[in-house]
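# Reading the structure
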Number of protein chains: 2
Amino acid sequence: MLGNFSYHNPTKLYFGDEALNYLNEELPKYGKTVQLIYGGGSIKKNGLYDEIVAILKDNGKTVVEDAGVMPNPTVEKLREGVRIARENKVDLLLAVGGGSCCDYAKAVSVSVHCDEDPWDKYYIRFEEPECEIVPVGCVLTMAGTGSEMNGGAVITNHEQKLKIGHVFGDEVMPKFSILNPKYTMSLPKRQMVAGVYDIFNHICEQYFSGGDDNTSDYIAEALMKSVIHSSLIAVENPEDYEARSNIMWTATWALNTLISRGKTTDWMVHMIGQSVGAYTDATHGMTLAAVSLPYYRMIMPYGLPKFKRFATEVWGVCADGKTDEQVAKEGLEAMEGWMKQIGVALSISELGATEDMLDGIAEGTIILDGGYKTLTKDEVIQVLKESM
Amino acid sequence: MLGNFSYHNPTKLYFGDEALNYLNEELPKYGKTVQLIYGGGSIKKNGLYDEIVAILKDNGKTVVEDAGVMPNPTVEKLREGVRIARENKVDLLLAVGGGSCCDYAKAVSVSVHCDEDPWDKYYIRFEEPECEIVPVGCVLTMAGTGSEMNGGAVITNHEQKLKIGHVFGDEVMPKFSILNPKYTMSLPKRQMVAGVYDIFNHICEQYFSGGDDNTSDYIAEALMKSVIHSSLIAVENPEDYEARSNIMWTATWALNTLISRGKTTDWMVHMIGQSVGAYTDATHGMTLAAVSLPYYRMIMPYGLPKFKRFATEVWGVCADGKTDEQVAKEGLEAMEGWMKQIGVALSISELGATEDMLDGIAEGTIILDGGYKTLTKDEVIQVLKESM
């Protein structure tokens, strides 16, 4: 049932192959010094770095470099980014990259004017920012995380073997994001499908809870069908602009708070997957894929009507003459078939997890409720074993 | 295909049966003088007026009354509202009512600090506001128009027999809207189903254009299925909170620019329906219902694949062994069956239109392109004749 909630998403989006032009409209709204955040340098190879620096210079900005954001941004990198921002008194954090760069920029944004250590404050004590927040803008080069239109920021602490996400409020969401589907085309196919599965799983995490006739559930099904449809085109032809643009747009709406309105969510695939990531440093979307089917097969009996609906509405399973359980199982089989077709990881061992890690991964898994079944630690271990 | 577009919707929504409490959070953001906009006084009967005035007083506000907003707000009323706002130097326009009150508040908001006549500037010359815009807040009591989260404002000029909508930009959208599904329960059933059809038609207007695999089309289908599902519950039991809440939430997303991203739209059902409204003063949603089926049957051959998809995806029509045209026709028949079940108008004559009006209605119909077929004036007359 839709209960009481608020919805506010002030991020301005510019979408399409001409979207970067709108950076010229946004930049005058902010001060002179821009911290340019990016990853391993692929934007230097494909020319995007030069294009963006030229626009920044045209707009009279001073560019402060902050390169080397890794796929799973670490707490050490976060502290470095905060130092760069403080030393240069930056006015805007401009992230150019995928969800890691956007997440990192948001984590920096709430830490620059905060006296405490960001890891302890935001990731251990889960406190909210009380300080001034440096504005964030994004130029997205990978579709998946939805970070371009939400307040989420996942940070990894290798020393503590923890990968934790903090979902900040609307004041931390990017002020603007530039979404050009062409930028996503230079990614290796493995990264593309990891992003696709990340999108799909974001939707699943919000869909598998509660009753069955909530508007959010209908929208969730629509987004699932759209990303399934487009992913099958994109794996055959990664240059298909239409498919890539629909994947990119779906990613944004899969995780910008819309489809969680009126829903409870436990995010358990993410909780388990993130802990796998903390041990293996594997690509986020792949860790989710590798643990999903064992997890959903485990909780299916507790949310059977929804798993049945998932089968018929998302996968077109015919329910005639079958038990609800049979229908639900066929839905998960259809999902498995699609996962194989696009080529995501189906086991955590192929991501580098070993038997001796499982206890630690389970220990690092934050167990939340809100789904059909609150897992015990033993059940987390069982999911992990079945994911090997 | 998703092309180039921007998306920005800054309206903050508070949803649920406790949503009015959040008025206390919003009011401190605005100055002292609040223009309280409402309709015929039903909010005085059900106690909402007293509740809101008490909250305004608690927050130290001076209340300026602006009552009597009619179902189709007139240009004369608009001029009166502008005068009230100017004389009292109001800081916030607070609309309590349905789409008419919200639309009216937005039309006032762009006219208070504008030297020209608002009808000529915004509705004849379709210019954009250059002046300061007075902020608008809404407390919604009827679900349908989506006005609570968009920039639209329809105004009627009876003298000129014109009912015209101007869709303003994001700076004119309400700053906040309070959506309590319980407030919609006191409406007569006829008003409720007119709202339901308005929602459904908003979705159709954006759905019936372009190609078939756009994320916006999938979301449109989801919203249609949700409103069909909940409307059938609500006509049997108007007190069903869950159904009314899903209808209310769907209404907001049916017309807040989301599902038109990447789509062209001609809004022809609205264009014809609004002209019928200018002649008959009939309820907006009923005018749309009365002209829809003849219009869609006329354009069906030009957008056959989409009408086929509409039949199978929204209405569950089985396509096996049928021609595309048969499938598409069955979809419109299913839609007609649902319209009869919920009890919307199926002819403009039952809304007071007479043969002698048809030429004038066609003359007052603004013909736009962007759909599957740009209508000629003769075709508008044909639609109107088939709607009699």
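Our subject is the structure that appears above.
A few points on the structure. (Residues numbered from 1 in each chain as written. Chains lettered and ligands numbered in written order. Predicted model: local features only at pLDDT ≥ 70, side-chain atom pairs only at ≥ 80, totals over all residues. Heavy atoms only, no water.)

This next bit is on the nonpolar core. Grouped together as the largest cluster of nonpolar side chains are 238 residues, with contacts concentrated most on A:Phe200 and B:Phe200. Apart from residues lying up to four places away in sequence, A:Phe200 is in contact with A:Met224, A:Val227, A:Ile228, A:Phe310, A:Trp315, A:Met335 and A:Trp338. (Core = buried A, V, L, I, M, F, W, Y, C linked by side-chain atoms within 4.5 Å. Buried < 20%, exposed > 50% of the residue type's maximum accessible area, 1.4 Å probe, protein only. Contact = heavy atoms within 4.5 Å.)

This part takes up the pattern of salt bridges. Under the definition given, this model contains 42 salt bridges over all chains. Two residues, A:Glu313 and B:Lys225, come together in a salt bridge whose shortest N-O distance is 3.6 Å. One end of the pair, A:Glu313, is in helix 12 (residues 304-315); the other, B:Lys225, is in helix 8 (residues 215-236), on a second chain. One salt bridge connects B:Asp117 with B:Arg79, and the closest N-O pair in it is separated by 2.8 Å. Residue B:Asp117 is found in the loop between helix 5 (99-109) and helix 6 (118-124), and its partner B:Arg79 is found in helix 4 (residues 75-88); the two are separated by 38 residues along the sequence. What you see here is one network of salt bridges that share partners, running through A:Glu116, A:Lys121, A:Arg125, A:Glu127 and A:Glu130. (Salt bridge = Lys/Arg side-chain N within 4 Å of Asp/Glu carboxyl O. Helix = DSSP H or I, 4+ residues; strand = E, 2+ residues; numbered from the N terminus.)

A word on the environment of B:Gly211. Following the sequence through the fold, B:Gly211 ends up in the loop between helix 7 (189-207) and helix 8. In sequence terms B:Gly211 and B:Lys306 are 95 residues apart; their C-alpha atoms lie 7.6 Å from each other.

Its rotation angle being 180°, the transformation that places chain B on chain A also includes 0.0 Å of axial translation and leaves an RMSD of 0.0 Å. Both chain copies can therefore be described as sitting about a two-fold axis. Considering only C-alpha atoms, the residue of chain B closest to the rotation axis is B:Pro10, which sits at 2.3 Å. When you check the interface residues of chain B against chain A, 100% turn up at the interface there too, and the contact is symmetric in its surfaces. (Least-squares fit on C-alpha atoms with pLDDT ≥ 70 in both.)

In this assembly, 42 residues from chain B lie in contact with 42 residues from chain A. In total, chain B and chain A occlude about 3,700 Å² of area from one another, counting both sides; carbon and sulfur atoms represent 57% of this. On the surface where chain B and chain A come into contact, there are two salt bridges. Between the two partners, chain B and chain A, sit 16 residue pairs in polar contact (both at pLDDT 80 or more). Only strand 1 (5-15), helix 8 and helix 9 (241-254) of chain B provide two or more residues apiece to the side of chain B that touches chain A. Counting residues per element, the side of chain B that touches chain A draws most heavily on strand 1 of chain B, at eleven residues. Of the residues contributing to the side of chain B that touches chain A, the split by class is 18 nonpolar, 15 polar and nine charged. Inspection of the sheet shows strand 1 (residues 5-15) of chain A paired to strand 1 of chain B by seven bridges, in the antiparallel sense. Directly across from A:Phe5, in strand 1 of chain B, lies its bridge partner B:Phe15. (Buried area = accessible area lost by both parts, 1.4 Å probe. Polar contact = N/O pair within 3.5 Å; in protein donor to acceptor, adjacent residues only side chain to side chain. Nonpolar A, V, L, I, M, F, W, Y, C, P; charged D, E, K, R; others polar. Pairing = 2+ DSSP bridges.)

This part is about the packing of helix 7 (residues 189-207) of chain A against helix 11 (residues 284-299) of chain A. Residue and element names in this part refer to chain A. Across the interface, helix 7 lies against helix 11 with an axial gap of 8 Å and an inter-helix angle of 45°. Judged by the angle between their axes, helix 7 and helix 11 are oblique. When the axes of helix 7 and helix 11 are compared, the crossing they make is left-handed. On the side of helix 7, the interface is formed by Arg190, Val193, Ala194, Tyr197, Asp198, Asn201, His202, Cys204 and Glu205, while helix 11 contributes His284, Gly285, Met286, Leu288, Ala289, Ser292 and Tyr296. (Axes fitted to C-alpha atoms, helices over the stretch in contact; angles between N-to-C directions. Parallel < 35°, antiparallel > 145°, perpendicular 65-115°, else oblique. Left-handed = near helix turned anticlockwise from the far one by under 90°.)

On to the packing of aromatic side chains, then. By the definition in use, this model includes 51 aromatic pairs over all chains. When the ring of A:Trp249 is compared with that of B:Phe5, the centres are 4.8 Å apart and the planes differ by 75°; the resulting orientation is edge-to-face. Linking A:Trp249 in helix 9 (residues 241-254) with B:Phe5 in strand 1, this pair reaches from one chain into another. The pair formed by A:Trp249 and B:Phe5 is uniform in burial state, with each residue classed as buried. Aromatic side chains B:Trp315 and B:Trp338 sit 6.0 Å apart centroid to centroid with 50° between the ring planes, which places their arrangement in the tilted category. Of the two residues, B:Trp315 sits in helix 12 (residues 304-315) while B:Trp338 sits in helix 13 (residues 324-342), which places them 23 residues apart along the sequence. Three or more aromatic residues joined by ring pairs make a cluster, and in this case those are A:Phe5, A:Tyr7, A:Phe15, A:Trp249, A:Trp253, B:Phe5, B:Tyr7, B:Phe15, B:Trp249 and B:Trp253. (Phe/Tyr/Trp six-rings, centres within 6.5 Å; stacked < 30°, edge-to-face > 60°.)

From the geometry alone we can't say anything about function, so treat these as descriptive.
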